[in-house]
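These are the residues of each chain, in order.
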Amino acid sequence: MGTEVSSRNEITEPLVGSSPTKPKTEESIPPWRDQITPRGIIVSALLGSLFCIITHKLNLTVGVIPSLNVAAGLLGFFLVKSWTGLLEKLGFVTKPFTKQENTVIQTCVVACYGLAFSGGFGSYMLSMDQRTYELIGKDYPGNRAEDVKNPSLGWMIGFMFVVSFLGLFSLVALRKVMVIDYKLTYPSGTATALLINSFHTSSGAELAGKQVRSLGKYLSISFIWSCFKWFFSGVGDSCGFDNFPTLGLAAFKNTFYFDFSPTYIGCGLICPHIVNCSVLLGAIISWGIIWPYISTKAGDWYPDNLESNDFKGLYGYKVFVAISLILGDGLYNLIKIILVTAKEILNARSKQGCISDIIIPQTEESSKLLMEENLRNSTFVKDSIPSWVAAAGYVTLAAISIATIPSIFPQVKWYLVLVSYIIAPALAFCNSYGTGLTDWSLASTYGKIGLFVFASLVGSNGGVIAGLAACGVMMSIVSTAADLMQDFKTGYLTLSSPRSMFVSQLIGTALGCVIAPLTFWLYWTAFDIGSPDGVYKAPYAVIYREMAILGVEGFSALPQHCLEICCVFFVAALVINLLRDMTPKSISAYIPIPMAMAVPFYIGAYFAIDMFVGTAILFVWERLNKKEADEYAGAVASGLICGDGIWTVPSAILSIFRIDPPICMYFKPSVST
């Protein structure tokens, strides 16, 4: 899952424990048009809306977004089964619910809510607004009032439509090469396929029903708890359980406290232990050691008595050190993926040259496996998407985009957009191939490269907006291309037609172009987005704008000694990643991930505590009953995240109508008399 902090092994096995049924040659495969159904599109729209709300909440609070693919497959299965079951009880005849339709629904949902991330609503798009401009400072070098574009539904939906479809057409012609010829793993796509295959067996369906009940139970608990918390949250940002000094007032001042968030606990249950521990380690290093030390240098390294969000002070160190870790990690993994990709392509070519000389003896088992593989291959190739359709689609959409983007962002000249679309397919291929090998999408890294390059090319006269817009173009293309290949792998293993997968991606993307901006607008109108002291800090908005300014102005705007500290952490990110790759797996499994460590440097330590509570619960659960933990942890986590996400809707409605919570629960030191 493409995200600022995304684990390369978020899903390495199916949620259900039973073995998936392998495809049989006598299995009936519905035509591709029958795999896309009206009920499937309706379910996809409902789940896409829910997951967009959840993704926005995570994007605007901490920027950590776990994979929701399992929840999409599970809830899609549950809703359609409930739908058909109800109609059958009423005497209606319904079409059978096949695994191909289940796959199409899951693909459509992922395409829809994926745009809530790649659309930049918590990063590059929000970086352009007035609040972020004022937060950085009107007198800050390179931060110009002219480089402001506030969100509005019109231009956001238009921008989404002109950039989001190109990634789907950029690599569709290479689907056979990536999936069949190179046999790329795409771990998340494979795990999702195994999950869906298992649902459509008798034992798998029974376990799926239990998982759905578990998800519903914890969704209800999470929703009720979030509602209960609201009554004590008062007016402003200092009341309620979200500001509960569970570890003491001294720790609370340094953001070390447990804020009783079901969402972050659920993230801790889904994300691997090493990700959660890396986040906590980053919180301890930053808020426990570095920031308290730098704060003692007030009046020496930076002026004393500055506002808490003044970039000339401690706030500037927080943002730029986080940026250095993110860039160090992203650069290392980008170089690594390119080298691994080149090596694998060369190996594949050399193997193809020698394959004809090898004769493999056939056993009954190997013959059966070969028949199954031939069935998958023939199904995957049968409903092909002509290369001319892909090429014509890409050229047409690129032409529309080249004509449209300069009208949305006048700072971006048409020839810069053209250059982006010429090099984008190569970057999309690198990202898709790397995702197939490692399950790690580097979409945000490619976006940051576009940001720096275009910001520096355009210069001080509009370079900030141009860089941010270019980031959006690059990020959208490489992210959707990688997601499409993941879904092709899922479809390959579930015997779904590539044509139905491609059409479902188009439908999901079209839904996302409308639903993602609308659900973001719910947050924008109801809450104080971007406030550094509020719940919805939108941390990456400030980070991305600072990156664009850095691309224009260079390092002259950094506070004293900030460049030296940033260089140390940039090199540390490279060294840590190198150690993770050079050491044996038994050791590297305990080496932290720099990208995960970077998140709390800017945001705070509170969500790291919540995520660590989630990972501690999972750790104990696995020790007590590993089979049960493997089967139900994903459902419990999804329930916690979804319940809290659903509560956001009534909470936003109450806020829009200016209905405030009745109680403010606040803590302060007792006064001795």
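Quick note: structure is the one above.
What this report covers is the structure whose coordinates are included nearby. Here the structure is a predicted model, which means the values were calculated and not measured.

**Regarding the state of the cysteines**
Here is step 1: Counting across every chain of the model gives one disulfide.
Here is step 2: With no disulfide of its own, C271 lies closest to C267 among cysteine sulfurs, the gap being 5.8 Å.
Here is step 3: Of all cysteine sulfurs, the one in C267 lies closest to C642, which takes part in no disulfide; the gap is 11 Å.

**Observations regarding helix α16 (residues 387-408)**
Here is step 1: Its 22 residues give α16 an end-to-end C-alpha distance of 31 Å, which sits within 8% of 32 Å, the value for a rise of 1.5 Å per residue.
Here is step 2: At I402, α16 shows its maximal bend, which comes to roughly 25°, and the proline P406 appears one to four places after that position.
Here is step 3: Looking at α16, one finds that the buried residues are A390, G393, Y394, A398, S401, I402, I405 and I408.

**With respect to unusual backbone geometry**
Here is step 1: The backbone phi angle of L495 is positive, close to 60°, even though this residue is not glycine.
Here is step 2: Along the chain, L495 turns up in the loop between α19 (463-493) and α20 (498-526).
Here is step 3: For R658, which is not a glycine, the phi torsion comes out positive at approximately 60°.
Here is step 4: Relative to the elements of secondary structure, R658 occurs in the segment after α26 (626-656).
Here is step 5: On the basis of relative accessibility, which here comes to 62%, the residue R658 falls in the exposed class.

**Observations regarding the side chain of S496**
Here is step 1: Tracing the backbone shows S496 in the loop between α19 and α20.
Here is step 2: A polar atom in the side chain of S496 sits 2.9 Å from the side chain of T494.
Here is step 3: Those residues within four positions of S496 in sequence are excluded, and the remaining contacts are Q35, Q100, T103, T379, G491 and M501.

**Observations regarding the side chain of E546**
Here is step 1: By secondary structure assignment, the location of E546 is in helix α21 (residues 539-553).
Here is step 2: Buried within the structure, E546 lacks any salt-bridge partner; its nearest side chain of opposite charge belongs to R545, at an N-O separation of 7.7 Å.
Here is step 3: If sequence neighbours within four positions are ignored, E546 has contacts with I136, Y140, F311, V319, F320 and I323.

**A few points about the packing of aromatic side chains**
Here is step 1: Within the structure shown, the criterion is met by 40 aromatic pairs.
Here is step 2: Ring geometry for W155 against F409: centres 5.5 Å apart, planes inclined by 80°, an arrangement best described as edge-to-face. Placement of W155 in helix α6 (residues 153-163) and of F409 in the loop between α16 and α17 (414-438) is noted, with a sequence separation of 254 residues between them.
Here is step 3: Ring geometry for Y523 versus F527: centroids 5.9 Å apart, planes at 45°, classification tilted.
Here is step 4: Look at Y523 and you get buried, because its relative accessible area is 0%.
Here is step 5: Judged by relative accessible area, F527 falls into the buried class, the value being 18%.
Here is step 6: In textbook terms, an aromatic cluster arises when at least three aromatic residues are bridged by ring pairs, as seen for W225, F228, F232, F241, F244, F258, F260 and F667.
Here is step 7: Directly above the ring of W155 sits K149, whose terminal nitrogen or CZ lies 5.3 Å from the centroid.

Quick notes on the rules
Along each chain, residue indices are assigned from 1 in the same order as the chain's sequence is written. A pLDDT threshold of at least 70 governs which residues receive local features in this predicted model, and a stricter bar of 80 or more applies before side-chain atom pairs are shown or counted, although totals over entire chains, interfaces and linings include all residues. Processing note: side-chain calculations cover all non-hydrogen atoms of the structure and skip hydrogens and water entirely. Two cysteine sulfurs form what is called a disulfide whenever their separation falls within 2.5 Å. Only DSSP runs of H or I with at least four residues qualify as helices, and only runs of E with at least two residues qualify as strands; both kinds are numbered from the N terminus onward. One fewer than the residue count of a helix, multiplied by 1.5 Å, yields its expected span. Throughout, the bend at a residue refers to the angle made by two axes, fitted to the seven residues ending there and to the seven starting there. Each residue gets one of three labels from its accessible area relative to the maximum for its type: buried under 20%, exposed over 50%, partly exposed in between, using a 1.4 Å probe on protein chains only. Polar contact is the term for a pair of N or O atoms within 3.5 Å; when the atoms are in protein, one must be able to donate a hydrogen and the other to accept it, and sequence-neighboring residues count only if both atoms are side-chain atoms. Two residues form a contact once any of their heavy atoms are found within 4.5 Å. Charge convention: Lys and Arg are scored as positive, Asp and Glu as negative, and His as well as the terminal groups of each chain are ignored. Salt-bridge detection follows one rule: a side-chain nitrogen of Lys or Arg within 4 Å of a carboxyl oxygen of Asp or Glu. Ring pairs shown here join Phe, Tyr and Trp side chains whose ring centres sit within 6.5 Å, with only the six-membered ring taken for Trp; geometry is labelled stacked below 30 degrees between planes, edge-to-face above 60, and tilted in between. Only when the NZ atom of a Lys or the CZ atom of an Arg is both within 6 Å of the ring centre and within 35 degrees of the ring normal do we say a charge sits over the ring.

On their own, these measurements won't tell you what the molecule is for.
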